[in-house]
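Residue-level structure breakdown
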Amino acid sequence: MDIEQYLKGREERVETESKKIRDFLVFDTFNYIPEKPLMREEVGPLIDAILRYKKTFIPNNICILGSSGCGKTSILKFLQKLFEKEYDLSFKYVNVRSYNTSFKILAYLLDMQARGLSLSELENSFEQKFKDKTVLVLDEIDMLSPKDPRKEILYFSNRSKSNVMLILLSNNPRFLREVDETCRSSLQMEVTYFKPYNAIQIFEILKQRAEKGMVDYDEGMLRQVAAITAQQTNSDVRMAIKTLFYCATETDLKVEDAFERARRDIIRELIQGLNDRMILILQAIQEEKEGYARSVYQRYRKISLDKGEDPFSYTHFCTALSYLQASGLILISQVKVNRTYTNRITHLFEPEMLNVVLQLRFA
Ligand SMILES: Nc1ncnc2c1ncn2[C@@H]1O[C@H](COP(=O)(O)OP(=O)(O)OP(=O)(O)O)[C@@H](O)[C@H]1O
Ligand SMILES: [Mg+2]
């Protein structure tokens, strides 16, 4: 096929898609904030805690855990909009994946070029700038870099004169184990789990999207998408919405095939978004067929050194594994070898997806 033919084909496709889709933005699973997110029972106590903070000035720090796609980010972004607009309470949202040290987070919040400044100087500037009550949402908090072992940002609100309530979000329960008990009690952190949605809840979310985003839709298809998502993922709504988009734009496509395509898209995006060290861990997992954690670590170290990369320590390697598991890229299971239990790692993605990224980054 030549370029012109390709262009023509794509033009026709975009044309057909736009006849079926009323609003494409509704299918943007990263940026779209639902007008009325589906209520889940765990949101009640969260709202109560924020309201109490607004009234009393006493921060109730909260950590919300829950698997990928269970609505942590979108619900917090929705609450931010609501509280800022209707309740005059200021929120600051930071994605720790993008700003992965206490220093970078503060510099981002202050909108400053912070080079040359110390952390305490940044903290002072924060106190000057944010004198009023502030809810600070740190999303994907488990992405805080090992280069920031003291996790200063978490304790900043204790030290600081500014009045900050922390809300931490993570899909990785291991994060809490790393913040030890003493620290947790000094933060007086409450932990909330967002349970995976059931198929009926996923259906309700899909129905909202379909009503807003599609010219017309079939409820049976929505139920099928909800059911397959609940069965085959940890109720990752992102997967459901992508599947719905494929079903909506290609009417001949079976739900199973649309789901498979969505799954591959999401895995590809996840792998592409990983940093180099994570990519090298995946390479080691892929190459070390037996999959025992220690041998995978040895292989990872070797690959890293060969490529001139500084490898993680074994502890940080284990933290990285738990992140990769929470993202759905690997599975860690316990197996008995010579009377002792050991962790075995299996990858859940097709090798060519990783190979493409390896080629691009390390060839
Ligand atoms: N209660 C809800 N109502 C409407 N849409 C929802 C709801 N919960 C999740 N969604 C939609 O599902 C998708 C995934 O949600 P979100 O990004 O908030 O998940 P997450 O828990 O932050 O996942 P991760 O741990 O991967 O960051 C988003 O497009 C979001 O709009
Ligand atoms: Mg999120």
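Residues numbered from 1 in each chain as written. Chains lettered and ligands numbered in written order. Predicted model: local features only at pLDDT ≥ 70, side-chain atom pairs only at ≥ 80, totals over all residues. Heavy atoms only, no water.

1. With respect to the UniProt feature "domain: AAA+ ATPase" (unreviewed entry) in the protein chain
In the UniProt entry, the feature "domain: AAA+ ATPase" (unreviewed entry) is given for residues 58–195. The span residues 58–195 is 40% helical and 20% strand by assignment, and the distance between its end C-alpha atoms comes to 27 Å. (UniProt positions renumbered as here; feature names shortened; annotations may be inferred. Helix = DSSP H or I, 4+ residues; strand = E, 2+ residues; numbered from the N terminus.)

2. With respect to the site of ligand 1
Lining the immediate environment of ligand 1, one finds 20 residues, of which Ser-68, Lys-72, Ser-74, Tyr-197 and Arg-209 sit closest. Within the backbone of Thr-29, one N or O atom sits 3.1 Å away from an oxygen atom of ligand 1. In the environment of ligand 1, an oxygen atom lies 2.6 Å from a nitrogen or oxygen atom belonging to the side chain of Arg-209. Here ligand 1, which alone exposes 630 Å², has 95% of that area covered by the protein. Put simply, the parts of the chain that give the shell around ligand 1 at least two residues each are helix 3 (72–86), helix 9 (199–213) and helix 11 (237–249). By residue number, the principal contributor to the shell around ligand 1 is helix 3, which donates 4 residues. Residue composition of the shell around ligand 1, grouped by class: 9 nonpolar, 8 polar and 3 charged. Viewed by domain, the shell around ligand 1 spans two of them, domain 1 (11–33 + 197–271) and domain 2 (43–193), each represented by three or more residues. (Near = heavy atom within 4 Å. Polar contact = N/O pair within 3.5 Å; in protein donor to acceptor, adjacent residues only side chain to side chain. Areas by Shrake-Rupley, 256 points an atom, 1.4 Å probe, with all protein chains shown as cover. Nonpolar A, V, L, I, M, F, W, Y, C, P; charged D, E, K, R; others polar. Domains from an automatic or database assignment.)

3. Thoughts on the environment of Ile-75
Among the secondary structure elements, Ile-75 is positioned in helix 3. For the pair Ile-75 and Pro-37, spaced 38 residues apart in sequence, the C-alpha to C-alpha distance is 6.9 Å. Ignoring anything within four residues of it in the chain, the contact list for Ile-75 reads Pro-37, Leu-38, Arg-40, Val-43, Phe-194 and Tyr-197. (Contact = heavy atoms within 4.5 Å.)

4. Observations regarding the pattern of salt bridges
Following the criterion strictly, the structure yields 26 salt bridges and no others. Between Glu-350 and Arg-263 there is a salt bridge, with its nearest N and O atoms 3.0 Å apart. Residue Glu-350 is found in the loop between strand 7 (340–347) and helix 16 (351–362), and its partner Arg-263 is found in helix 12 (residues 255–272); the two are separated by 87 residues along the sequence. Residue Arg-263 is classed as buried on the basis of its relative accessible area, which comes to 19%. Among the salt bridges present, the one from Lys-302 reaches Asp-306, with a minimum N-O distance of 3.0 Å. Of the two residues, Lys-302 and Asp-306 both sit in helix 14 (residues 293–306), 4 residues apart, roughly one turn of that helix. Linked by salt bridges that have partners in common, Glu-260, Arg-263, Arg-264, Glu-350 and Glu-352 make up one network. (Salt bridge = Lys/Arg side-chain N within 4 Å of Asp/Glu carboxyl O. Buried < 20%, exposed > 50% of the residue type's maximum accessible area, 1.4 Å probe, protein only.)

5. Brief notes about the sheet that holds strand 5 (residues 190–193)
Overall, parallel pairing links the 5 strands, which are arranged 2-3-4-1-5 in an open sheet. Every interior strand has two partners, whereas the edge strands, strand 2 (90–95) and strand 5, have only one. Neighbour-to-neighbour, the strand axes of this sheet turn through a mean angle of 20°, independent of strand direction. Of the strand pairs in this sheet, strand 3 (residues 134–139) and strand 4 (residues 164–170) are connected by 5 bridges, and their pairing is parallel. Across the sheet, Thr-134 pairs through a bridge with Val-164, a residue of strand 4. (Pairing = 2+ DSSP bridges. Axes fitted to C-alpha atoms, helices over the stretch in contact; angles between N-to-C directions.)

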